[in-house]
Amino acid sequence: MIMDLLAADPAPMRQSTPTPPASQRVTRLLGERLELVEDLWETVLRSECPPGQAERLLRLKHLSDPSEGEDSTGGDASSAIVQLIREMDLAEAIAAARAFSLYFQLVNILEQHIEEDSYLDSLKNQDSCPSDPFLPALANQTDPATFRQLFERLRSLNVPPAQLENLLRTLDLRLVFTAHPTEIVRHTVRHKQRRVATLIQKLEQGSGLNSLERQSLRLQLEEEIRLWWRTDELHQFKPTVLDEVDYALHYFQQVLFDAMPQLRDRIRAALKVSYPDVEPPRDAFCTFGSWVGSDRDGNPSVTPDITWRTACYQRQLMLERYIKAVTELRDQLSISMQWSQVSPALLESLEMDRLRFPEIYEERAARYRLEPYRLKLSYTLERLRLTHQRNQQLADAGWESPCDGSAPPPPMGGSLTPPASQELHYSTVDEFRNDLELIQDSLEGTGLSCELLQHLISQAQIFAFCLASLDIRQESTRHSDALDELSHYLQLPVPYGEMDEQQRVEWLLTELQTRRPLLPPAAQWSAAAAETFAVFRMLQRLQQEFGSRICRTYVISMSHTVSDLLEVLLLAKEAGLVDPMAQKAGLLVVPLFETVEDLQGAPAVMGTLFRHPFYRALLASDGGQPLQEVMLGYSDSNKDSGFLSSNWEIHKAQIALQRLAIEHGIALRIFHGRGGSVGRGGGPAYQAILAQPSGTLSGRIKITEQGEVLASKYSLPELALYNLETVTTAVLQNSLVSTPVDDTPSWNDLMGRLAARSRDHYRALVHDNPDLVAFFQQVTPIEEISKLQISSRPARRKGGAKDLSSLRAIPWVFGWTQSRFLLPSWFGVGAALQEELHQDPGQMELLRLLYQRWPFFRMLVSKVEMTLSKVDLDLAHHYVQVLGRSEHREAFEHIFQVIAAEFVLTRDLVLAITGHSRLLDGDPALQLSVDLRNRTIIPLGFLQVALLRRLRDQNRQPPMSEAAAAASDDGRTYSRSELLRGALLTINGIAAGMRNTG
């Protein structure tokens with residue numbers, strides 16, 4: 001049945017899509033450089049594996065190539081693969097899993113370099129290539145644009161300089177790194193990957209190398225990969241939250257700290273060419289946030305102490321980088337007063353520094369008597385050293401330690417304003433930046449400039465002392481439960497938990513506007529309530545020590561009602577973060593609307609709040625306008641209602657929220673909770689931003705960057721710059737170029753019908769089919785995924801029940817990806833389209849028009865097309881047949897046939913809409929990459945199934961010692977731990993091959 005379905009002829013091609021030049025270049029480079037990777041891989045296998053084993057592994061790779069068609073005996077290649085795997089013992093199966101995982105990771109490195117090289121080529125060629133007058137309209141552009149290309153296009157469209165300058169003045173991009181359990185590669189292996197990547201880059205770019213130098217690089221590469229081969233890929237222990245902090249901050253240390261000033265330089269240089277009179281954006285137009293160490297939703301390991309230590313660790317890293325940079329700057333600025341003038345302001349500051357730091361003066365004055373810049377930077381280094389010392393003391397002492405060594409932390413209800421510091425350390429980054437700008441002003445006054453100094457000032461603007469702002473996130477019921485416990489303690493006439501929504505809102509607003517403390521200082525609370533109250537006290541302490549920038553945002557997951565936001569404000573007031581008399585708040589409360597019902601109800605919730613003067617007064621200011629941040633969740637809405645319904649509801653919610661904000665004179669910043677996979681809002685960021693509803697960005701956007709996305713975007717300097725530049729140009733494009741198609745009533749009506757039908761079809765399978773949960777648990781490696789030591793956060797929500805509602809969206813997507821269904825990213829789309837076309841076949845022409853003219857619809861279809869290209873239903877069926885238990889065989893086969901029929905239907909209709917004869921015809925580079933991975937990943941799938949079958953057969957037997965493990969089908973005996981290790985290695989390999997996990 002399945003082979004018949006897959007063999008069905010797709011819809012005929014209606015039109016051809018021209019291949020973008022960038023895609024042509026990437027396709028050529030991938031073809032040229034793949035030979036190097038495959039040769040290295042084969043060389044390492046032959047040197048590291050016994051001869052017979054190496055030949056069998058290479059045979060597996062050979063059989064997975066569809067160009068071979070069949071095995072050497074004339075049989076089916078898949079059958080030959082299964083037979084070869086069946087003949088392997090466990091050691092050889094593990095070697096195979098490791099070999100294919102290594103292959104995919106080498107290919108990933110290769111593709112990252114190709115993307116980086118393509119970006120550099122585009123920068124080199126933009127001077128010699130005139131703007132193409134036949135380019136598509138900006139709103140319909142799909143190839144990412146550089147700053148230079150975008151500004152040239154805007155100038156050719158006669159976009160007024162004043163309009164562009166106004167947008168640049170308020171440009172606010174925030175990228176938030178998260179620690180969701182999708183980063184499957186060990187930190188140790190990442191280091192080895194970077195070394196291999198560096199050597200490959202030298203070899204590829206070494207056109208001037210002689211034969212001996214090339215041979216030396218080649219031998220170094222082989223040696224490095226052999227060391228990698230002998231390194232354990234699996235995490236040896238479950239990472240702590242602070243381990244995750246270290247993983248995430250690695251990208252700042254290695255790449256982003258130095259990349260960000262270059263991003264600033266590139267946007268300034270591009271403006272000079274097309275808009276020379278336009279003032280460039282402030283240095284900190286793009287900043288970073290982090291949930292790592294502060295996201296406590298469902299993660300009991302994230303305590304107030306952990307968040308405090310995370311903040312201290314981040315400041316430590318920044319101070320160490322600043323100390324290094326200032327030391328280098330002091331070496332460079334050897335200017336003598338004999339040959340150059342010095343500003344009076346700088347000389348005056350040196351006199352003040354002499355009084356504050358007599359020891360430094362005594363030590364350095366003789367050496368730098370005529371070198372004022374070096375002397376000033378010596379004082380700066382001492383202040384940085386003292387700041388670093390204080391930071392270490394605070395980290396060791398903890399957040400409950402006295403603020404200044406003598407007084408206890410402020411009690412609940414304390415002041416918003418920290419006391420002025422009399423210490424010699426830098427109490428704020430502004431003091432540090434002022435010292436640097438004093439030097440810059442003096443240099444500029446004498447006609448000099450210093451790039452190293454300019455970059456350091458830019459880094460201080462972007463990263464401050466905190467590196468990344470920490471967003472607190474907590475689930476809404478934690479706050480209501482704590483207030484309910486408090487209400488019982490206070491003996492309220494109606495306990496908080498028994499109030500209806502109107503009563504809650506009235507009580508919360510009343511308490512918010514009074515000075516009277518609500519929390520008795522000596523009361524005893526349950527562990528959960530005590531933790532909730534402590535978080536807010538720690539936040540107040542954080543802001544007092546680090547400034548408000550370190551942690552100003554509090555995200556409330558599973559936000560449903562007005563009271564969910566007011567509860568957090570009331571708890572913040574009790575900790576001194578809200579001043580009811582001054583009507584000021586030190587915390588920005590951000591609702592996270594996740595389910596379809598919550599997305600639909602979001603405008604009503606926010607409208608009620610916006611209409612209340614007290615709430616409006618508490619909002620932060622953005623250019624004189626109140627600012628509200630709202631987070632929209634892709635993961636849970638997709639898991640709840642499917643891909644099409646989720647994306648449409650988010651799109652509608654954005655439009656409704658933006659109109660509401662305009663009506664109330666409020667600036668809106670949308671926070672997109674995107675994951676790495678399409679099922680969680682992932683996909684190319686450039687196209688996704690262009691697809692945002694016109695008029696909803698206004699130069700402001702906030703996006704999560706999760707898991708393996710960090711490695712794919714930020715592991716190489718130019719690759720990071722490429723991603724940062726394309727995100728910036730996409731936001732500028734969307735904000736400047738109006739696309740009124742979002743308001744086309746007939747198109748919106750069509751999308752509404754498609755979303756509703758898609759949701760019904762998705763829920764009929766996922767939520768209404770009683771066998772679906774058992775199907776998912778048995779035919780995907782979900783239970784084994786939970787045993788991977790890759791995250792400090794549990795895979796299931798509180799309670800841990802093995803049902804769909806308790807399972808987090810990330811492992812939900814991860815499991816379907818491993819077994820090659822990728823169901824959350826496409827299921828329901830085909831059925832919805834077919835029902836629409838059944839009622840009116842003429843709608844196909846409208847669907848094609850939407851694909852050509854509406855960025856939102858094109859983005860949806862493109863994501864579905866990309867995901868469908870990664871589905872392998874033959875392999876997925878193998879998971880069902882081998883891993884499904886006999887008592888479920890008929891039910892599971894029925895579910896599979898439903899999925900298979902929907903796949904074929906969706907594929908054919910997507911091809912009909914796009915006009916492609918084959919999936920991804922419009923992007924040959926991506927098509928080549930996916931084809932390469934699809935064919936090479938097949939042995940890993942069969943290996944995984946074989947290992948999971950053996951492991952689960954043993955797990956169903958009565959408990960036994962490892963030594964007494966049962967015999968497998970081939971007569972050999974393996975312990976459960978050995979089989980689990982093999983299975984986990986295949987999960988690693990498939991994750992590397994698919995290039996995303998969850």
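Residues numbered from 1 in each chain as written. Predicted model: local features only at pLDDT ≥ 70, side-chain atom pairs only at ≥ 80, totals over all residues. Heavy atoms only, no water.

Engineer: Looking at this structure, I do not really get the overall build of the chain. What am I missing?
Structural biologist: A count of helical and extended segments in the chain gives 39 helices and 11 strands. The buried share of the chain, taken over its 998 residues, is 60%. Accessible surface computed for the chain: about 38,700 Å², of which carbon and sulfur atoms make up 51%. (Helix = DSSP H or I, 4+ residues; strand = E, 2+ residues; numbered from the N terminus. Buried < 20%, exposed > 50% of the residue type's maximum accessible area, 1.4 Å probe, protein only. Areas by Shrake-Rupley, 256 points an atom, 1.4 Å probe, with all protein chains shown as cover.)

Engineer: Teacher, can you tell me more about the packing of aromatic side chains here?
Structural biologist: For any pair of aromatic rings, geometry is given as the distance between the ring centres together with the angle between the planes. What the rule picks out here adds up to 38 aromatic pairs. When the centroid spacing of 5.7 Å and the interplanar angle of 90 degrees are considered together, the rings of tryptophan 308 and phenylalanine 546 count as edge-to-face. Separated by 238 residues along the polypeptide, tryptophan 308 in helix 11 (residues 304–332) and phenylalanine 546 in helix 19 (residues 527–546) bring together distant segments of the chain. For the pair formed by tryptophan 308 and phenylalanine 546, the shared burial category is buried. Aromatic side chains phenylalanine 776 and tryptophan 812 sit 4.8 Å apart centroid to centroid with 50 degrees between the ring planes, which places their arrangement in the tilted category. (Phe/Tyr/Trp six-rings, centres within 6.5 Å; stacked < 30°, edge-to-face > 60°.)

Engineer: Explain the pattern of salt bridges here, please?
Structural biologist: Should their charged atoms come close, side chains of opposite charge can pair. On inspection of all chains with the given rule, the structure shows 56 salt bridges. A salt bridge links glutamate 92 to arginine 56; the shortest N-O distance between them is 2.5 Å. Taken as a pair, glutamate 92 in helix 5 (residues 90–125) and arginine 56 in helix 3 (residues 51–63) lie far apart in primary sequence, 36 residues in all. The class of glutamate 92 is buried, set by a relative accessible area of 7%. Overall, the relative accessible area of 34% leaves arginine 56 in the partly exposed class. Between arginine 268 and aspartate 283 there is a salt bridge whose closest N-O contact spans 3.4 Å. (Salt bridge = Lys/Arg side-chain N within 4 Å of Asp/Glu carboxyl O.)

Engineer: Can you help me understand unusual backbone geometry in this one?
Structural biologist: Residues other than glycine predominantly adopt negative phi, and peptide bonds predominantly adopt the trans conformation. Positive phi outside glycine occurs at glutamine 491, with the angle close to 60 degrees. Structurally, glutamine 491 is set in the loop between helix 17 (476–490) and helix 18 (501–512). When its relative accessible area of 69% is taken as the criterion, glutamine 491 is described as exposed. One non-glycine residue, serine 698, lies in positive phi territory at about 50 degrees. For serine 698, the position within the fold is in the loop between helix 25 (685–690) and strand 11 (700–706).

Engineer: When you look at the pairing of strand 1 (residues 172–178) in this model, what are you seeing that I'm missing?
Structural biologist: On a regular strand, one side chain projects to one face of the sheet and the next to the other, so that they alternate. With 6 of 7 residues buried, strand 1 is to be regarded as a mostly interior element. Sheet topology note: the strand 1/strand 11 ladder contains 7 bridges and is parallel. Paired with arginine 174 across the two strands is lysine 702, which belongs to strand 11. Examined bridge by bridge, strand 1 and strand 2 (residues 286–290) share 5 bridges and lie parallel to one another. Among the inter-strand pairings, valine 176 is bridged to a residue of strand 2, identified as glycine 289. (Pairing = 2+ DSSP bridges.)

Engineer: How should the confidence of the model for the chain be read in this particular structure?
Structural biologist: Parts of the model with low pLDDT should not have their predicted coordinates read in detail. On average, the chain scores 87 in pLDDT, and the residues at 70 or more come to 87%. Note on residues 1–19: pLDDT under 50 across the span, and 41 contacts to partners over four residues away in sequence or across chains. Every residue in residues 958–970 scores below 50 in pLDDT, and together they form 23 contacts with partners more than four places removed in sequence or on other chains. (pLDDT = per-residue confidence, 0-100. Contact = heavy atoms within 4.5 Å.)

Engineer: Sorry, what's going on with the packing of helix 11 against helix 16 (residues 451–463) here?
Structural biologist: Helices that pack against each other are described as a pair by the angle of their axes relative to one another and the distance between those axes. The contact between helix 11 and helix 16 brings their axes to 10 Å, and the two run at 165 degrees. Between helix 11 and helix 16, the angle is such that the two are roughly antiparallel. Seen from above, helix 11 lies across helix 16 with left-handed handedness. Here Met318, Tyr322, Ala325, Val326, Glu328, Leu329 and Gln332 of helix 11 come into contact with helix 16, specifically with Leu452, Leu453, Leu456, Gln459, Ala460 and Phe463. A class-by-class count of the residues in the contact of helix 11 with helix 16 yields 10 nonpolar, 2 polar and 1 charged. (Axes fitted to C-alpha atoms, helices over the stretch in contact; angles between N-to-C directions. Parallel < 35°, antiparallel > 145°, perpendicular 65-115°, else oblique. Left-handed = near helix turned anticlockwise from the far one by under 90°. Nonpolar A, V, L, I, M, F, W, Y, C, P; charged D, E, K, R; others polar.)

Engineer: What should I look at first to understand the environment of arginine 321 in this one?
Structural biologist: In this structure, arginine 321 sits in helix 11. Counting along the chain gives 135 residues from arginine 321 to leucine 456, while the straight-line C-alpha distance between them is 9.8 Å. Beyond its immediate sequence surroundings of up to four residues, arginine 321 is in contact with Gln253, Phe257 and Asp258. At 3.3 Å, the side chain of arginine 321 forms a polar contact with the side chain of aspartate 258. (Polar contact = N/O pair within 3.5 Å; in protein donor to acceptor, adjacent residues only side chain to side chain.)

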